[in-house]
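Tertiary structure, described
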Amino acid sequence: MILIGKFILAALVGALIGLGLTSAALQNDFGFGAVTAGPWTAWPRNGGRGVDPYARAMLAKSGEIPLGSSEGLSFIARADSGGRRLEPGCDYIVSGPTPQARYWTLTVMTPQGKLLANPSGRSGFTSSEILRAADGSFAIALSRRARPGNWIPLAENDPFILDLRLYESEFSTSMLAFDAANLPTIAREVCR
Amino acid sequence: MNRLDRFLAGLLWLLGVALVAVAVHLIAVFDLPRRLGNDPMSRLSVLAKPGEMSQLPLARPGAEWAPFSDPAVAQGVCLYDLTRAPVRVSGEVDADRMLTLSFRTPSGEIFYSMTDRAAQHGKIDVLLLTSEQLEALEADSEDDDEPAQELRLIAPAAKGFVLVNALAAFPSEAEESRQRVKAITCAPEAPLD
């Protein structure tokens with residue numbers, strides 16, 4: 001009787017650990033295909049055949065529709081270039097050289113990938129509409145307060161992430177490493 | 001029982017727990033996509049008619065059909081079913097405006113993707129078929145000297161969907177980008193004999 005009890009206990013504990021592992025694996029952007037460059041993370045393999053089971057489970061959980069490898073590549077940032085989590089109470093400057101792509105867009109979203117409503121109706125920029133410096137570089141300000149130039153308003157209290165999509169990028173899917181120098185930096189300014 | 005025996009017995013139990021944990025973990029990961037039941041095909045079938053190009057609503061706060069959608073992109077979808085006949089996806093594209101297509105299985109996995117740059121003479125022409133249909137088609141046209149003008153694409157399953165993305169480089173181009181999605185048609189071919 002004690003032996004059966006031990007078996008059941010072992011099975012239960014095992015099942016709990018297994019489910020815990022699964023939940024942890026799907027929560028922390030784990031996946032064999034994840035590639036990071038500075039604050040940005042992308043899943044290039046999701047754009048073609050041969051998506052790994054973890055990525056497939058993660059896509060099923062989030063409901064995301066990834067871009068095809070010929071279409072482009074999407075990069076997500078949940079932290080700034082200093083590694084600190086993005087906070088709606090802080091101002092940020094996203095700047096850098098022009099990413100190697102035919103077009104790119106930068107969008108502010110909730111961590112679940114929803115767009116944030118704001119009075120100006122602007123949640124991002126496309127590469128065509130931003131104002132640039134003479135050398136072609138750009139800077140986009142993220143702030144709760146209005147800023148001159150390229151400005152994406154942040155919501156008062158809602159946490160946010162950044163989604164940078166490079167359409168028809170020269171980053172090919174076979175690349176397993178990206179040079180962070182080719183992607184914009186996210187610099188934190190003042191926090192209120 | 002001496003200490004070694006106890007130690008070995010404990011180790012065995014731990015091993016058992018670890019095995020169960022790994023098994024449960026693997027089953028959960030593989031089974032999750034099916035269990036969640038919100039695969040893109042079933043979500044899209046609410047928004048689109050099968051066998052034709054349907055416009056999807058623009059991604060706006062509180063009204064996205066999928067998370068991580070780009071608000072600058074107009075989307076259209078064609079839910080195809082190759083059981084009876086191949087499906088042709090074709091249309092004129094504007095050389096300067098970005099338009100992309102992705103061919104997907106019901107779970108949203110991509111088996112082919114392309115952009116307007118792959119268009120020939122300003123036209124996209126893709127014939128989507130099963131491998132049996134391709135064989136029948138090639139047997140039919142063996143005598144023809146002219147090579148096929150269209151891109152023949154074998155779908156891994158009879159059902160799936162084609163997603164069309166048209167980028168509006170400026171917010172004022174939103175309507176125009178919807179028109180470019182509309183310019184791509186998707187229709188079943190006449191059934192092969």
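Here the residue index of a chain counts from 1 through its sequence in written order. Following the order in which they are written, the chains are lettered starting with A and the ligands numbered starting with 1. For a predicted model such as this one, the threshold for reporting local features is a pLDDT of at least 70, and the threshold for listing and counting side-chain atom pairs is 80 or more; totals across whole chains, interfaces and linings nevertheless cover every residue. Only hydrogens and water are set aside; all other atoms, that is, all heavy atoms of the structure, feed into the side-chain values.

The name recorded for chain B in an unreviewed UniProt entry is DUF1254 domain-containing protein, from Methylocella silvestris.

Under an unreviewed UniProt entry, the name given to chain A is DUF1214 domain-containing protein, and the organism recorded is Methylocella silvestris.

With that settled, the discussion passes to the pattern of salt bridges. All names here are of chain B. Take a side-chain nitrogen of Lys or Arg and a carboxyl oxygen of Asp or Glu: if they are within 4 Å of each other, that pair is a salt bridge. Applying the stated rule across the entire model yields 20 salt bridges over all chains. Its salt-bridge partner being Arg88, residue Glu150 comes within 3.3 Å of it at the nearest N-O pair. Here Glu150 is found in the loop between helix H3 (131-140) and strand E7 (151-154), whereas its partner Arg88 is found in strand E3 (residues 87-92), with 62 residues between them in sequence. Assigned by exposure class, Glu150 and Arg88 land together as buried. In the salt-bridge network here, residues are joined through shared partners; they are Arg88, Asp125, Glu150, Arg152 and Glu189. Only DSSP runs of H or I covering at least 4 residues are called helices, and only runs of E covering at least 2 are called strands; the numbering of each starts at the N terminus. A 1.4 Å probe rolled over the protein chains alone gives each residue an accessible area, and that area as a share of the maximum for its type sets the label: buried under 20%, exposed over 50%, partly exposed in between.

Chain A puts 60 residues into the contact, and the matching count from chain B is 52 residues. By buried area we mean the combined loss of accessible area, with a 1.4 Å probe, across both parts when two parts are placed together. Between chain A and chain B, the buried area comes to about 4400 Å², and carbon and sulfur atoms account for 65% of it. For the interface between chain A and chain B, the tally reads 5 salt bridges. A 3.5 Å cut-off defines polar contacts: any pair of N or O atoms within that distance qualifies, except that in protein one atom must be a possible hydrogen donor and the other a possible acceptor, and neighbouring residues in sequence count only when both atoms are side-chain atoms. At the junction of chain A and chain B, the tally comes to 20 residue pairs in polar contact (both at pLDDT 80 or more). Mapped by element, the contributors of at least two residues to the side of chain A that touches chain B are helix H1 (2-27), helix H2 (53-62), strand E5 (101-109) and strand E9 (161-169) of chain A. Polar here means any residue outside two lists: the nonpolar Ala, Val, Leu, Ile, Met, Phe, Trp, Tyr, Cys and Pro, and the charged Asp, Glu, Lys and Arg; Gly therefore counts as polar. Split by residue class, the side of chain A that touches chain B holds 28 nonpolar, 18 polar and 14 charged. The contact definition used throughout considers only heavy atoms, calling two residues in contact when any of these lie within 4.5 Å.

The subject of this paragraph is the environment of Glu175 of chain B. Residues and elements named next belong to chain B. Structurally, Glu175 can be placed in helix H4 (residues 174-182). For Glu175, a relative accessible area of 48% puts it in the partly exposed group. When the C-alpha atoms of Glu175 and Ser141 are compared, they prove to be 41 Å apart, with 34 residues separating the residues in sequence.

Successive side chains on a regular strand alternate, one facing one side of the sheet and the next facing the other. Residues and elements named next belong to chain B. For strand E8 (residues 159-167), a buried count of 8 out of 9 residues is recorded, marking the element as mostly surrounded by other parts of the structure. In the sheet, strand E2 (residues 73-81) pairs with E8 via 9 bridges, with the strands oriented antiparallel. Following the sheet pairing, Ala74 is matched in E8 by Ala166. Pairs of strands are assigned from DSSP output, requiring at least two bridges between the strands. Sheet analysis places strand E4 (residues 99-104) next to E8, joined by 6 bridges and oriented antiparallel. Bridged to Ser102 within E8 is Leu163.

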